[in-house]
Amino acid sequence: MDELSSVAEINDPDLICISETWLDLSIYDGVISIGSNYTPYRKDRGTPGGGLITYVKTAIPSSRLFDMEEEGKEALWLLLKPQRLPRPFSCIVMVAVYYPPGQAAINEITMIDYLINGIDFILQSYPSAGIIIAGDFNKMKLGTLCNCFDLRKIVKKPTRQNNTLDQIMTNMSPLFQEVQHLPPLGRSDHQCLLLNPKHRTSTRPITKTFRSMKRSNLIALELRLSRTVWDAVYEAEDVDDKVSIFNGVISQALDGCMPLKSIRLHPTDKPWMTPNIKAKIKLRQRAFTRGNMSQYKVYK
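Cut-offs used in this document
- Residues numbered from 1 in each chain as written.
- Predicted model: local features only at pLDDT ≥ 70, side-chain atom pairs only at ≥ 80, totals over all residues.
- Heavy atoms only, no water.
- Pairing = 2+ DSSP bridges.
- Helix = DSSP H or I, 4+ residues; strand = E, 2+ residues; numbered from the N terminus.
- Axes fitted to C-alpha atoms, helices over the stretch in contact; angles between N-to-C directions.
- Domains from an automatic or database assignment.
- Disulfide = S-S within 2.5 Å.
- Buried < 20%, exposed > 50% of the residue type's maximum accessible area, 1.4 Å probe, protein only.
- Parallel < 35°, antiparallel > 145°, perpendicular 65-115°, else oblique.
- Contact = heavy atoms within 4.5 Å.
- Patch = residues over 30% accessible without salt bridge, like charges linked within 9 Å, V, L, I, M, F, W, Y side chains within 5 Å.
- Areas by Shrake-Rupley, 256 points an atom, 1.4 Å probe, with all protein chains shown as cover.
- Salt bridge = Lys/Arg side-chain N within 4 Å of Asp/Glu carboxyl O.
- Lys, Arg positive; Asp, Glu negative; His and termini not counted.
- Charge placed at Lys NZ, Arg CZ, Asp CG, Glu CD.

Within an unreviewed UniProt entry, the label attached to the chain reads Endonuclease/exonuclease/phosphatase domain-containing protein, and the organism entered is Paramuricea clavata.

In structure tokens:
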């Protein structure tokens, strides 16, 4: 979860869709939280394998469409109502899908019919909705689904070895940049897909100050304090004066040996997520996108 949180902080997506979560009722929502900036929606299979989870920025009004879900169909339906959307879209319907491999042809037809009927039903209430259908479809044939609603498949490169198993379909493709492929998370062998809008606002970082606790700084502080003359503290008659003089000496020593430094952080950063770790994650992503696999393995 820490790696997912860090990748989310670096790329700042509004929406995160994950398939094959393997979650069940024994894993409560607090365990899968990636910070207060995201609301998690999950659909567990109930048996080992499968499962879906979608994280939505809390700043985006969102709701789960339980009426659209069906037993045996791994599809998670959400309605998103961002404050600003390009015309003519009034809202966004997001469907996260996991379709397991090795299914019979009739099951594929049933799943496609289910998605078509669901989108058609929603469009009766939200005729100008933007549509995003994303997930792991394995080798499902998606042409019929796309043709029904003028959707475009926007993942053009393989996502697992030489196969394009993961896909994103939308009727808003002109609003997005080309899909960026990022390295897999954890033990997954599927690449992550990053879809950025052509225009977006960024989350403001926060600034914190700290003192470097490097060993050399600690040694310098110890040496300085060992050589400090404390006569002024002993000679002061009032206890408040003693405290004031003592604090002044300590502050001067700290400023001399461990000067304050500023750092920019994301509001959801974990305490152990250091700038050094973030820099290495960025280097790993850059190496992966440039095809430098030897460098990627170094940072993996």
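Caption draft 1: Layout of the sheet that holds strand 1 (residues 15–19). Spatially, the three strands line up as an open sheet ordered 1-3-2, and their pairing is antiparallel. The open sheet has two free edges, formed respectively by strand 1 and strand 2 (38–43), since each of these has just one partner strand. Recorded for the sheet is a direction-independent mean angle of 15° between the axes of neighbouring strands.

Caption draft 2: Molecular detail of the domain arrangement of the chain. The assigned domain composition of the chain is domain 1 (1–197) and domain 2 (211–263). When each unit is reduced to the centre of its C-alpha atoms, the spacing between domain 1 and domain 2 is 55 Å.

Caption draft 3: Just the state of the cysteines, in detail. This structure, assessed with the given rule, holds zero disulfides. Free of any disulfide, Cys-91 has its nearest cysteine sulfur in Cys-17, 18 Å distant. Using a relative accessible area of 1% as the deciding quantity, one classes Cys-91 as buried. Cys-17 provides the cysteine sulfur closest to Cys-192, a residue in no disulfide bond, and the two sulfurs are 11 Å apart.

Caption draft 4: Main features of the packing of helix 1 (residues 2–11) against helix 7 (residues 275–289). One can describe the packing of helix 1 onto helix 7 by two numbers: an axis separation of 11 Å at closest approach and a directional angle of 75°. As judged from the angle between their axes, helix 1 and helix 7 are roughly perpendicular. The segment helix 1 lies against helix 7, with Glu-3, Ser-6, Val-7, Glu-9, Ile-10 and Asn-11 engaging Lys-278, Ile-281, Lys-282, Arg-284 and Gln-285.

Caption draft 5: Highlighting a positive patch on the surface. There is a patch of like positive charges on the surface, built from Arg-264, Lys-282, Arg-286 and Arg-290. Of note, Lys-282 is situated in helix 7. Given a relative accessible area of 45%, Lys-282 falls into the partly exposed group.

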